[in-house]
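Summary of the model geometry
The lines below spell out each chain.
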Amino acid sequence: MGEWFALLAALSFASSNVMVKKGTTPQSRENGAFLSILLTAVISGIFFLGAGWFNGFPDFTSEGMLWFALAGVLTSFIGRILLFNSIQHLGSVRASAIKRLNPFFTVMIGILFLQETLTSFIILGMVLIFGSTVVLVGESLANWRNAKKEIAAAIEPSSPPQRRLVAKDLWKLIASLGYVYGIVSALAYSVGYVVRKQGLTEIPDPFFGTLLGAIVGMLIFGLISLFKEANRRSIISTFTEFKPWLFGAGVATSLGQIFYFIALQYSGVSQVALIASTDVILTIFLSAWVFKTQEGITRTVILASLVAMTGAGFIALGS
């Protein structure tokens, strides 16, 4: 049964990836990140109350709540927002491939801080994941170089101030293309999962952990909105405009987290991680054949996605 829930989690995450891209463009001022966090709080809260009503509520400890709150900062706020930014600028397929860095960072954290040992499978998996990321970034760098040459040729007769202005805009374009967002998001999620695991040892209720983490993410988002107009606009838009693609993405992300936790209750971590890593392939399928999005799915992207998924599988087998 756990394997089926893991597959449902992968399908949910893949659907969310594509719907975020379907509902945004790189120029969009709103990508649904706050809406997603809000929906996670609502849906996990319903599951928490329902499970507690029938099975009883867990004993709450201050240490467990602190772990869950910290996990919320890392996953519901930093990880979720940067993941949505990455999808918005890179597209669902490339962002999903970059997201495969999660097990890479998780292994590194385990080695550096938890005294875990390396196996040949884990080393091979890490090499494959890192290599797939390098391939994707290398392809984009080549495209950026070509674009830079075209822009440089177009502004050659321009004055120095105009050249500096165009160069500045070009750098903004490169910086906003999503790879930095995706890599930092993967790191935040990896640390957050380790922290959440600590919380579960104190309060063995994944629904409560997800709920508390989402509430913390919403509070931080709201606090930043006092100083940042984009956050205020996002909050207002959440309650005044209905955007079906972003709403669907929020629901899919929330269900994906819940399915993932349920899968862990029935199956081992390795099996769940291996099946959940198929969200890369499912994202390609949904993007190309179901939602008909134009993301430039090249052979390089497909190859890198397959290599990243294979690497995640090796890490799962070696864990």
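Structure first, text after, so check above.
Attention here is on the structure that accompanies the text. Per chain, residue numbering runs from 1 following the sequence as it is written. The predicted nature of this model means local features are confined to residues of pLDDT at least 70 and side-chain atom pairs, given and counted, to a pLDDT of 80 or more, with totals for whole chains, interfaces and linings taken over all residues. Side-chain descriptors were evaluated using all non-hydrogen atoms of the structure, hydrogens and water having been removed beforehand.

**Notes on the overall build of the chain**
Of regular secondary structure, the chain possesses 14 helices and zero strands. The N-to-C order of helical and strand elements in the chain reads α-α-α-α-α-α-α-α-α-α-α-α-α-α. A simple rule labels every residue: compare its accessible area, found with a 1.4 Å probe on the protein chains alone, to the largest value its type can have, and call it buried under 20%, exposed over 50%, or partly exposed in between. The buried share among the 319 residues of the chain stands at 49%. The contacts of the chain with a sequence gap of at least 6 include a subset with a gap of at least 24, amounting to 87%. For accessible areas, the Shrake-Rupley method is used with a probe of radius 1.4 Å. Any residue's cover is judged against the shown protein chains and nothing else. Accessible area of the chain: about 15,800 Å², with a carbon and sulfur share of 70%. By definition, any uninterrupted DSSP run of H or I lasting at least four residues is a helix, any uninterrupted run of E lasting at least two residues is a strand, and each is numbered from the N terminus. We call two residues in contact when some of their heavy atoms are within 4.5 Å.

**Quick look at the packing of helix α3 (residues 62-90) against helix α8 (residues 179-202)**
Relative orientation of the contacting elements α3 and α8 amounts to 160°, with a least axis distance of 7 Å. One element, α3, and the other, α8, form an angle in the roughly antiparallel class. In the packing of α3 onto α8, the handedness of the crossing is left-handed. Across the contact of α3 with α8, the residue classes break down as 18 nonpolar, eleven polar and four charged. Only the stretch in contact is used when a helix axis is fitted, and all axes are lines through C-alpha atoms; the angle between N-to-C directions ranges over 0 to 180 degrees. Oblique is the label for any angle not under 35 degrees, not over 145, and not in the 65 to 115 range, which are roughly parallel, roughly antiparallel and roughly perpendicular in turn. The hand of a helix crossing depends on one turn: near helix anticlockwise from the far one by less than a right angle means left-handed, and clockwise means right-handed. Under the scheme applied, nonpolar residues are Ala, Val, Leu, Ile, Met, Phe, Trp, Tyr, Cys and Pro; charged residues are Asp, Glu, Lys and Arg; polar residues are all the others, including Gly.

**Some points on the packing of aromatic side chains**
Geometry of aromatic contacts follows a simple scheme: Phe, Tyr and Trp rings, the Trp one being its six-membered ring, pair when their centres are within 6.5 Å, and the pair is stacked under 30 degrees between planes, edge-to-face over 60, tilted otherwise. All chains considered together, the criterion is met by nine aromatic pairs. Each residue in the set Phe48, Phe57, Phe60, Phe68 and Phe208 is aromatic and connected to the rest through ring pairs, giving one cluster.

**Some thoughts on the nonpolar core**
What tends to happen in soluble globular proteins is that the nonpolar side chains get buried as a cluster. Within this scheme, the nonpolar core is defined by two criteria: the residues are buried Ala, Val, Leu, Ile, Met, Phe, Trp, Tyr or Cys, and they are joined through side-chain atoms within 4.5 Å. Ile81, Phe208 and Phe221 are the most contacted members of the largest nonpolar core, which has 35 residues in total. Listing elements by their share of this core, those giving two or more residues are α1 (2-22), α2 (33-55), α3, α9 (206-225) and α11 (244-266). Tallying contributions element by element places α9 first for this core, with seven residues. Excluding residues that lie within four positions of it along the chain, Phe221 makes contacts with Phe34, Phe77, Ile81, Asn231, Ser234 and Ile235. Formed by twelve residues, the second largest nonpolar core is a distinct cluster that contains Ile129, Tyr179, Ala186 and Ile315.

**Considerations on the side chain of Lys21**
On the secondary structure map, Lys21 appears in helix α1. Of note is the side chain of Lys21, whose polar atom sits 3.2 Å from the backbone oxygen of Gln88. Each polar contact in these results corresponds to two N or O atoms within 3.5 Å; when the atoms are within protein, one needs to be able to donate a hydrogen and the other to accept it, and residues that are neighboring in sequence are counted only if both atoms are side-chain atoms.

**A look at the pattern of salt bridges**
The working definition used for a salt bridge is a side-chain nitrogen of Lys or Arg within 4 Å of a carboxyl oxygen of Asp or Glu. Under the criterion given, the structure shown has two salt bridges. With a shortest N-O distance of 3.6 Å, Arg233 and Glu229 are connected by a salt bridge. You can see Arg233 and its partner Glu229 sitting in helix α10 (residues 229-240), four residues apart, about one turn around the helix. For Arg233, a relative accessible area of 29% translates into the label partly exposed. In this structure, Glu241 engages Lys243 in a salt bridge whose closest nitrogen and oxygen atoms are separated by 3.8 Å. A relative accessible area of 45% means that Glu241 is categorised as partly exposed. With relative accessibility at 28%, the residue Lys243 sits in the partly exposed group.

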